[in-house]
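# Tertiary structure, described
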Amino acid sequence: MARAENKTEAGGTARMVAALAKALREQQGLSQEQLGKLIGYTAAAISAMETCAQPASDQMLVKLEEVLGGGLGVFEKARALMRLEKYPAQFKNFALMEAEAVTLCAYESYVVNGLFQTEGYARSLIGGGFPRLTEDKVEELVEARMARKALFDRDPTAMIELLLDESVLKRPFGPWDVHREQLHSLAEDAERDNVSIQVMPLERGLRGSHAGARGDMIQVETKEHHHVVYMEIEDESILVSDLAKVAQLSHRYAKIRSQALSPDDSLSLIQRLAGEERQ
């Protein structure tokens, strides 16, 4: 259900899309109901989009481009900006950097990195958090998270590396079928030419050294070939660009990688866990 508070929370792109869609609809002499029929939505959904009670989804923008765009591509161009507005506040500054990354390397100790999440896993994770979000907000965030997967197949190719603590592979979010799907998806991603996945074994600490004990991080090489590190905890984020600090974190990341299982052994572990039967 569209929320009244969206009208005040809507970003600039959502407002621009709403105004433009309404102006073009009226210019073509279409009612909200007529436009809705043309693009597969109800009149109520068109009204909600035009008032920003429920900003246009990515799918709606595609349809608006087909029917109202007139070959200008304005709604198509709005898609990336709309996705950016839907991200949580602490992630917005990093989202564009991630999308344009030359290299992205992540270490995750609690959940699967967002780039690698399946839709079911993301929905369970986002929807099960606290404080609870509305269904509309959950779907909005899931849609935005799924859109990030474009990085896997982007041209030019990005090199992507994921280091996962083994506990992540054994910690379900949602039913077991959702968890198994996530593990199968990780196994498939691990076999991409531009992706490497390694697992930090649970017993690593028994050896007296665990370089990942201080938490998660994401390293990015930007399109300008600058190096930054992104870290997030409890809805707060840090973007580190200081050269000395980035170097120190990069050394720590390299140590985490050296302590993890090889890519081949990691894939075998993921595949084995994905095949385990759970009630």
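Note on numbering: residues in each chain are counted from 1, in written sequence order. Totals for whole chains, interfaces and linings use all residues, but because this is a predicted model, local features are given only for residues with pLDDT of at least 70 and pairs of side-chain atoms are given and counted only at 80 or more. As a rule here, side-chain values come from all non-hydrogen atoms in the structure, and water together with hydrogens is ignored.

## Quick notes on the environment of Met49
Working definition: helices are DSSP H or I runs of at least four residues, strands are E runs of at least two. Numbering for both runs from the N terminus. When you line up the elements, Met49 lands in helix H4 (residues 43-50). A simple rule labels every residue: compare its accessible area, found with a 1.4 Å probe on the protein chains alone, to the largest value its type can have, and call it buried under 20%, exposed over 50%, or partly exposed in between. We classify Met49 as buried; its relative accessible area is 1%. Linking Met49 and Glu33, residues 16 residues apart in sequence, is a C-alpha distance of 13 Å. What makes two residues a contact is simply this: any of their non-hydrogen atoms within 4.5 Å. Dropping the residues within four chain positions of it, Met49 is found in contact with Val17, Ala18, Ala21, Gln54, Ala56, Met60 and Leu64.

## Observations regarding the sheet that holds strand E3 (residues 195-200)
Strand pairing within a sheet occurs via backbone hydrogen bonds; the two strands may be parallel or antiparallel. The pairing criterion for strands is at least two bridges between them, as found by DSSP. One open sheet holds the six strands; their spatial order is E3-E2-E1-E4-E5-E6, and the pairing between them is mixed. The open sheet has two edge strands, E3 and strand E6 (236-240), and neither has a second partner. On average, adjacent strands in this sheet sit at an angle of 15 degrees to one another, irrespective of strand direction. Here strand E2 (residues 159-165) pairs with E3 via six bridges, running parallel. In the strand pairing of E3, Leu163 is matched with Gln198. An axis is simply a line fitted to the C-alpha atoms; with a helix, the fit covers only the stretch in contact. Between two such axes, the angle follows the N-to-C directions and lies from 0 to 180 degrees. Running over the sheet, helix H12 (residues 243-259) touches strand E1 (103-108), E2, E3, strand E4 (217-221), strand E5 (227-233) and E6 and is turned about 115 degrees from E4.

## Quick look at a negative patch on the surface
On the surface, Glu232, Glu234, Asp235 and Glu236 cluster together into a patch of negative charge. In this structure, Glu232 sits in strand E5. Like-charged residues within 9 Å of one another, or nonpolar side chains (Val, Leu, Ile, Met, Phe, Trp, Tyr) within 5 Å, are grouped into patches, provided each residue has over 30% relative accessible area and no salt bridge. Here the open area of atoms and residues is found with the Shrake-Rupley method and a 1.4 Å probe, where only the protein chains shown may cover a residue. When a carboxyl oxygen of Asp or Glu lies within 4 Å of a side-chain nitrogen of Lys or Arg, that pair is called a salt bridge. By the counting rule applied here, Lys and Arg register as positive and Asp and Glu as negative, while His and the ends of each chain are not counted. Throughout, a charge is located at the NZ atom of Lys, the CZ atom of Arg, the CG atom of Asp or the CD atom of Glu.

## A short note on the layout of surface pockets
Think of a 1 Å grid over the protein atoms and nothing else: a 1.4 Å probe that fits but is trapped marks a cavity, an open set flanked by protein within 12 Å on at least five of seven lines marks a pocket, and residues with an atom within 4 Å of a point count as lining. Grid points are joined across faces, edges and corners, and a volume is the space filled by probe spheres set on the points. The space that makes up the second largest pocket amounts to roughly 350 Å³. Along the wall of the second largest pocket there are 16 residues; nearest its centre are Ala80, Arg83, Ala95, Leu96 and Ala99. Within the residue set of the lining of the second largest pocket, elements represented by two or more residues are helix H6 (74-86) and helix H7 (89-99). Sorting elements by how many residues they give to the lining of the second largest pocket places H7 first, with five residues.

## Quick look at helix H13 (residues 263-275)
To estimate the expected span of a helix, subtract one from its residue number and multiply by 1.5 Å. For H13, with 13 residues, the first-to-last C-alpha span of 18 Å sits near the 18 Å given by 1.5 Å per residue. All buried positions along H13 are accounted for by Ser266, Leu267, Leu269, Ile270, Leu273 and Ala274. Summarising the axial view, the buried residues of H13 lie within an arc of 160 degrees, below the 170-degree limit, and thus occupy one face. Here the buried face of H13 lies against helix H10 (166-169), helix H11 (176-190) and E3. Regarding the arc, it is the one traced by the directions from the helix axis to the C-beta atoms.

## So, the pairing of E5
Pairing analysis gives four bridges linking E4 to E5, with the strands arranged antiparallel. Opposite Ile218, over in E5, you have Tyr230 as the bridge partner. The hairpin formed by E4 and E5 contains five residues between the paired strands, and His225 there has a positive phi angle of roughly 70 degrees. With five bridges connecting them, E5 and E6 associate as antiparallel partners. Following the sheet pairing, Ile233 is matched in E6 by Glu236. As consecutive antiparallel partners, E5 and E6 are separated by two residues, and within that stretch Glu234 has a phi angle of approximately 50 degrees, a positive value.

## As for unusual backbone geometry
Following Phe130, the chain continues to Pro131 via a peptide bond in cis, the omega torsion being 0 degrees. Here Pro131 shows up in the loop between helix H8 (119-127) and helix H9 (135-147). Here Asp155 and Pro156 are connected by a cis peptide whose omega angle stands at 10 degrees. Within the secondary structure, Pro156 is located in the loop between H9 and E2. Non-glycine residue Cys52 carries a positive phi angle of around 65 degrees.

## Quick look at the pairing of E1
Every regular strand shows the same layout, with side chains that alternate between the two sheet faces. For E1, the buried fraction is high: five of the six residues fall into the buried class. Summarising the sheet, E1 and E2 pair through six bridges and their orientation is parallel. Bridge pairing in E2 places Glu108 opposite Leu164. Where E1 lies against E4, five bridges are found, and the strand directions are antiparallel.

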